[in-house]
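Single-letter residue listing:
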Amino acid sequence: MNQITPGTGPRTDETQPDLAAAVRRLSHTNVLVIGDVMLDRYTYGEVTRISQEAPVPILAIDREVALPGGAGNVVRNLTALGAATAFISVVGDDQAGSDLTGLIGGQPNVEPWLLVQGGRTTTLKTRLIASGQQLLRADREQTDPIHPKLADRMLRIALDAMAATTVTILSDYGKGVLAADVPPRLVEAARKAGRKLIVDPRGSDFARYAGADIVMPNRQELAAASRMPVDSEAAIVAAAQHLRVAHGFGAVVVTRGNDGMTLVEASRVTHFPAEAADVYDVSGAGDTALAALGAALAANLELPVAVRLANLAAGISVGKVGPSVVRESDLLSALSPQNSALRKIVTRDEAVEQAERWRHRGWRVGFTNGFFDLLHQGHIHLLEEARARCDRLVVGLNSDASVRRLRGLPHPVQPEAARAAVLAGFACVDEVCLFDEDSPEALIEALRPDVLIKGGKQSIEEVEGADLVRSWGGRVQLVDWIADHLPPADLTPVKA
């Protein structure tokens, strides 16, 4: 992080904040989000042939996922960070609007206010995806301003919500919720309530957001709004300062893609280099950064620290595949030493996201599971054989509660934390994921491994999850136990 103060040139901050402590404060915040919500549908499948009707690929649909998008994605990222979130938006009286209402309402720590406008079309984006590549996106939307009476009602709700939250985020996707005089009325309401307000703008008329504490345009939006060049770092700073002065913004945060972010304040400019190690999918990174910035300001962090966390969150986001979010654990892992074996111990959601990244690279994902209590040579043989049959190996580990239900006391002899740490220390293990169910099938269905590997004398038909893996074209393979190191009868896994 380099700062430029007028007359001094660039310098490096001498005082480095405790970023891990700052991250942990994000989950103790309250944020209000107002903006355009949309339904994002992802249709995944495989293309193996071309249609005879037209020279287009035929997608054999495998699965479909529906998630809140637009301002709804900002909400998803806020809740992933642990922030309590109030959300105000407008949907139509159609199926997409009904689906969104259910999806938003089902998220933890969200107080939703999804107003319904009769006859309005809810924005729906449908993406067709094969082998990690988007084949087509089809949009259905209505972008004219919401009804004035509905806008008045939305403002009244916003006034109450501002009183109960610390920071307000306006997520403008140009779909009609933040049209006409709605933004200036919200800016004025936030000022009167003494609440900070952040804007993710749309279009070239930033006068609509005049007086906002922070605006967060990307490079293209900055160029359109300022009508100034943005082809260099100095030009970006000049354009941002022009907008800041012209519209009375407290600060401008410019998102610059591979070049990171630039924070422009009245007396200070701070550049943040990009944090991304690998780039898989840039969609949604802006929403992730906006959510992190909002939560950080709600935690009363200094603005440069807040922007640094937002930049870090964006870098993590682009390293994920598909509609993912950034969690507190992601941020803490990015701030911790890279060589810690304990980083291999992940949650189910993290394991699923990593498996998608591996598949995106063309790597085969393998899976095995068990108790792995009192490890012996047979276990090590299984793990090494399993890793040899795939490119990346995920080990599903029964939790203590699961082992006790299946085996009874005194099992497990070793607690789950110790068992997971030992597994994570093996070079042949790429991830360890605990599961609390008696069967690994739910974890297998979520991970969708390409290869399922099990040890012992059971047949393939007896392997739990075999039918699931074979249903999506995966393989099931057995590894023989080493004869001299068969597991004791009281430790042999049952249905695990």
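Residues numbered from 1 in each chain as written. Predicted model: local features only at pLDDT ≥ 70, side-chain atom pairs only at ≥ 80, totals over all residues. Heavy atoms only, no water.

## What to know about unusual backbone geometry
Cis geometry is adopted by the peptide bond preceding Pro410, which originates at Leu409 and carries an omega value of 15°. Structurally, the position occupied by Pro410 is in the loop between helix 13 (400–407) and helix 14 (416–424). For the bond from His411 to Pro412, the omega torsion is 0°, close enough to zero to count as cis. Counting through the fold element by element, Pro412 comes out in the loop between helix 13 and helix 14. You will see that Leu374, though not glycine, has its phi angle at about 55°, which is positive. Topologically, Leu374 is positioned in the loop between strand 17 (365–370) and helix 12 (377–388). Among the residues examined, Leu374 registers a relative accessible area of 41% and is labelled partly exposed. Its identity as a non-glycine residue notwithstanding, Arg448 has a phi of 55°, on the positive side. Note on Arg448: relative accessible area 17%, which makes it buried. (Helix = DSSP H or I, 4+ residues; strand = E, 2+ residues; numbered from the N terminus. Buried < 20%, exposed > 50% of the residue type's maximum accessible area, 1.4 Å probe, protein only.)

## A word on the confidence of the model for the protein
Chain-level statistics for the protein give a pLDDT mean of 90 and a share of 91% at 70 or above. Under a pLDDT of 50 for its full length, residues 4–15 has, in the predicted model, 16 contacts with residues more than four places off or in other chains. Throughout residues 488–496 the model reports pLDDT below 50, and contacts reaching past four residues in sequence, or to other chains, amount to 27 contacts. (pLDDT = per-residue confidence, 0-100. Contact = heavy atoms within 4.5 Å.)

## Some points on empty space enclosed by the protein
Tallied over the full model, the rule gives two cavities of 30 Å³ or more. The calculated volume of the largest cavity comes to roughly 80 Å³. Taken together, Asp36, Val37, Val90, Val91, Gly92, Arg120, Thr121, Thr122, Thr123, Gln142, Lys175 and Val177 form the lining of the largest cavity. With three residues, the single largest contributor to the lining of the largest cavity is strand 6 (residues 84–92). (1 Å grid on protein atoms, 1.4 Å probe; cavity = no way out; pocket = protein on both sides within 12 Å on 5 of 7 lines; lining within 4 Å. Points joined across faces, edges and corners; volume = space filled by probe spheres on them.)

## Let's talk about the sheet that holds strand 4 (residues 37–50)
Taken in spatial order, the four strands of this open sheet run 5-4-8-9, and their pairing is mixed. Only two strands of the sheet have a single neighbouring strand rather than two, namely strand 5 (57–70) and strand 9 (133–140). In this sheet, adjacent strand axes meet at a mean angle of 20° when their direction is disregarded. Examined bridge by bridge, strand 4 and strand 8 (residues 124–130) share seven bridges and lie parallel to one another. Residue Arg41 lies in a different strand from strand 8, and its bridge partner there is Thr126. (Pairing = 2+ DSSP bridges. Axes fitted to C-alpha atoms, helices over the stretch in contact; angles between N-to-C directions.)

## Details of the sheet that holds strand 19 (residues 431–435)
Sheet architecture is open: six strands sit in the order 16-19-18-17-20-21, paired in parallel fashion. Looking along the sheet, the strands with just one partner apiece sit at the ends: strand 16 (345–346) and strand 21 (475–479). Bridging between strand 17 and strand 20 (residues 451–455) involves two bridges; their strand directions are parallel. When the bridges of strand 20 are listed, Gly366 appears paired with Val451.

## Describing the pairing of strand 15 (residues 269–272)
Sheet faces and side chains relate simply in a regular strand, where the side chains alternate between the two faces. Taking every second residue as pointing to the same face, both faces of strand 15 are buried, with Val269 and His271 on one and Thr270 and Phe272 on the other. As paired elements, strand 14 (residues 261–264) and strand 15 share four bridges and run antiparallel to each other. Looking at the pairing, Leu263 lines up with Thr270 of strand 15. Remark: four residues form the turn of the hairpin made by strand 14 and strand 15, two consecutive strands paired antiparallel.

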